Amino acid sequence: GENVEQHPSTLSVQEGDSAVIKCTYSDSASNYFPWYKQELGKGPQLIIDIRSNVGEKKDQRIAVTLNKTAKHFSLHITETQPEDSAVYFCAASTNNNNDMRFGAGTRLTVKP
Amino acid sequence: GAGVSQSPSNKVTEKGKDVELRCDPISGHTALYWYRQSLGQGLEFLIYFQGNSAPDKSGLPSDRFSAERTGGSVSTLTIQRTQQEDSAVYLCASSLLGGNYGYTFGSGTRLTVV
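This structure is a prediction, so every number in the text was calculated from the model and none was measured.

(A) Representation of the interface of chain A and chain B. The interface of chain A with chain B comprises 19 residues on the first partner and 21 residues on the second. When the buried surface of chain A facing chain B is broken down by residue, Asn-97, Asn-98 and Phe-102 of chain A rank first, second and third, together holding 38% of it. Seen at the junction of chain A and chain B, the total is zero salt bridges. Here chain A is connected to chain B by three residue pairs in polar contact (both at pLDDT 80 or more). Of all the elements in the fold, those that place two or more residues in the side of chain A that touches chain B are strand S4 (32-38) and strand S5 (45-51) of chain A. For the side of chain A that touches chain B, the leading source of residues is S4 of chain A, giving three residues. Residue composition of the side of chain A that touches chain B, grouped by class: eight nonpolar, nine polar and two charged.

(B) Fine view of the pattern of salt bridges. All names here are of chain A. Using the criterion set out here, one finds eight salt bridges over all chains in the structure. Among the salt bridges present, the one from Asp-84 reaches Arg-61, with a minimum N-O distance of 2.9 Å. Of the two residues, Asp-84 sits in the loop between strand S8 (72-77) and strand S9 (86-92) while Arg-61 sits in the loop between strand S6 (56-59) and strand S7 (62-67), which places them 23 residues apart along the sequence. Overall, Arg-61 belongs to the partly exposed group, its relative accessible area being 22%. Ionic contacts of the salt-bridge type, sharing partners, join the residues Lys-37, Glu-39 and Lys-42 into one network.

Definitions and limits used
- Residues numbered from 1 in each chain as written.
- Chains lettered and ligands numbered in written order.
- Predicted model: local features only at pLDDT ≥ 70, side-chain atom pairs only at ≥ 80, totals over all residues.
- Heavy atoms only, no water.
- Contact = heavy atoms within 4.5 Å.
- Buried area = accessible area lost by both parts, 1.4 Å probe.
- Salt bridge = Lys/Arg side-chain N within 4 Å of Asp/Glu carboxyl O.
- Polar contact = N/O pair within 3.5 Å; in protein donor to acceptor, adjacent residues only side chain to side chain.
- Helix = DSSP H or I, 4+ residues; strand = E, 2+ residues; numbered from the N terminus.
- Nonpolar A, V, L, I, M, F, W, Y, C, P; charged D, E, K, R; others polar.
- Buried < 20%, exposed > 50% of the residue type's maximum accessible area, 1.4 Å probe, protein only.

Following this line, the structure appears as structure tokens:
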């Protein structure tokens with residue numbers, strides 16, 4: 001089955017700097033890659049996703065890149081703000097409705 | 001409602017007691033998932049419901065855990081004879097058709113077994 005690895009487990013940046021979180025996956029059939037943000041005391045919230053037919057997707061300060069050959073994808077946050085501080089999870093799935101696998105999470109801290 | 005609703009938000013129970021956790025998914029979402037998140041840890045899959053199909057129970061950690069989904073909507077996760085290691089946040093998520101369309105998570109139920 002799919003195995004998703006996520007790095008780093010913790011990341012601390014200064015406000016205004018960029019943050020990058022990387023994930024690798026094992027199943028070459030995976031074609032959907034969402035990213036979730038979990039704030040303290042809340043459930044994870046979908047912030048951006050990418051499908052395997054594109055290599056990059058942007059939404060304001062957030063971007064995700066996908067390298068299918070290397071089986072890795074990354075989340076990029078530019079001009080970080082303190083409210084970006086949260087735990088971020090990557091995930092990967094195929095067309096199967098129940099094979100979404102999550103990374104272990106990255107705790108991002110943005111220092112003001 | 002507009003989102004996934006879980007109740008209670010917090011539950012403290014004594015070891016050995018049974019607990020029921022409730023999830024109201026987004027109306028029209030056919031897929032429903034339960035996950036467990038221990039303190040500072042990732043998301044552990046428990047069970048998956050899709051329409052009227054038999055649920056995928058492959059993630060349930062023991063026979064003390066069970067879940068049902070009535071009428072293709074509300075779901076209840078039951079933990080019998082709770083143990084201290086059951087203490088965690090239990091998250092419910094729903095999806096329009098399945099995982100390839102993204103999940104909407106509830107805020108979770110924080111279960112503490114004392």
